[in-house]
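The residues making up each chain are set out below.
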Amino acid sequence: MRDQETYVPLDDDELDATTGEFELSERQALRRVPGLSTELTDVTEVEYRQLRLERVVLVGVWTEGTQIDAENSLTELAALAETAGSQVLEGLIQRRNRPDPATYIGRGKVDDLGSVVLASGADTVICDGELSPSQLRNLEQRTKVKVVDRTALILDIFAQHAKSKEGKAQVELAQLEYLLPRLRGWGETLSRQTGGSGRGGGAGGGVGLRGPGETKLETDRRRIRHRIARLRREIKGMRTVRQTKRARRARNSVPAVAIAGYTNAGKSSLLNRLTGAGVLVENALFATLDPTTRRATTTDGRLYTLSDTVGFVRHLPHQIVEAFRSTLEEVADADLVVHVVDGTHPDPEEQVRAVREVLAEVGADRLPELLVVNKTDAADEETLLRLKRLWPEATFVSAHSGRGIDGLREAIEARLPRPAVEVRAVLPYDRGDLVARVHRQGEVLSTAHLPEGTLLHVRVGEGLAAELAPFRAEEGQAVAGAR
């Protein structure tokens, strides 16, 4: 869909047509089919470990905070697992000062976990944290089922939802960087060799073999390192394209607004409401990964851009932050961050803290922030009153019903940077192109029509002010035209 130059109000029927319905139906048609087996396979045979989640048991370690915090974290893990296409059977929380370095939950609790897995018929255990290679191995050996941690689960969701070339490259890079220290084989694969040095060197060695050769595991690690280097080069090239586009917008003095927030807070719905962008909307975590930028116009005619960004989540894997750094730089280079919060979430304060933590990692914490509490149509009044006392400067809206959208638009426009240079100029009537640029890029304070041309009193950027310099109005001329 091409960029929207002006905002056109949408009724509910039109809004339904701009929420990516076709893409949503296509995604739902590609859901995992239940009933396929999940078994431990030789992960050295593939470049990365393909997750096939079906019936899962969740395990969390509660080390700090309240019990409610621990339960909220496990509830979010359940939503992540369901988004990945799995069925959640049980959820267990273990209270410890810190995770056990060998088994994450402690040796005694591993037996309890094995009993729950056996009784429920689960085929996968998902841990609410990032596990070390030894923790993964020990848990799988004791429970006899696949064990996945929170990081691998989020990476799997990203892999399912990435569409663009850049998004797929970023996700694959994050997956491979996560996999590399965890790559291992079982049984005989650890001693298999792919070649040797010396005469007669073949697979597994032989007569005349002078060196140990290279194991299959080492071969896979080398291939993954080469692939990581190649992906980094590709993403660096894509980053250059993004920087060029941002530089062009900066030269044209077009303010940029980045919509950031927790996953499933309603960022894409807000973008659709504000611009009719047609971005996919789905009640799922990380439904949209690829950033979308659309043009919008203020009530006084100034042009600005609105960009939807990838959603955040507590304990967002550092591999994701690093791989998506070029995308997140869209936020860091914005003039305003519209921080969207889910008003129906049981712990919105934790959402805000998690988002601000990631924004700080990419250097966007120094930017002006407009806090927007979304889904007010579904939130109860007591919660909304508490949030209004907590965040008195926030704007409360409902992207679904449209309530508060006009106020949000006014709040965005009020916070946009205004051009720095004030100019009075008389533009000849044959320079309509320059008049249009002034209206599009600057702030028009007054307009008058004189016999020799259009008298404009405007605020513009330095570049456009230089182009208007030959047409500057004399002081007396400006006063006469203003009467």
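Residues numbered from 1 in each chain as written. Predicted model: local features only at pLDDT ≥ 70, side-chain atom pairs only at ≥ 80, totals over all residues. Heavy atoms only, no water.

## What about the overall build of the protein chain?
Then, number 1: Of regular secondary structure, the protein chain possesses 17 helices and 13 strands.
Then, number 2: Within the protein chain, the fraction of its 483 residues that count as buried is 50%.
Then, number 3: Put simply, 71% of the contacts in the protein chain that link residues at least 6 apart link residues at least 24 apart.
Then, number 4: Accessible area for the protein chain stands at about 23,100 Å²; split by element, carbon and sulfur atoms hold 50% of it. (Helix = DSSP H or I, 4+ residues; strand = E, 2+ residues; numbered from the N terminus. Buried < 20%, exposed > 50% of the residue type's maximum accessible area, 1.4 Å probe, protein only. Contact = heavy atoms within 4.5 Å. Areas by Shrake-Rupley, 256 points an atom, 1.4 Å probe, with all protein chains shown as cover.)

## Notes on the sheet that holds strand E10 (residues 395–396)
Strand pairing within a sheet occurs via backbone hydrogen bonds; the two strands may be parallel or antiparallel.
Then, number 1: Taken together, the 6 strands give an open sheet; going across it, the order is E6-E7-E5-E8-E9-E10, and neighbouring strands pair in mixed fashion. What marks the edges here is a single partner per strand, and that holds for strand E6 (292–297) and E10.
Then, number 2: Note: strand E5 (residues 256–261) against strand E7 (residues 303–308), 4 bridges, orientation parallel. Within the sheet, the bridge partner assigned to isoleucine 259 lies in E7 and is aspartate 308. (Pairing = 2+ DSSP bridges.)

## Focus: the confidence of the model for the protein chain
Then, number 1: When pLDDT is averaged along the protein chain, the result is 77; 76% of the residues meet or exceed 70.
Then, number 2: For residues 27–51, every residue scores under 50 in pLDDT, and the model assigns this stretch 68 contacts once sequence neighbours within four places are set aside.
Then, number 3: In the model, residues 185–211 has pLDDT below 50 throughout and makes 51 contacts with residues more than four positions away in sequence or in other chains. (pLDDT = per-residue confidence, 0-100.)

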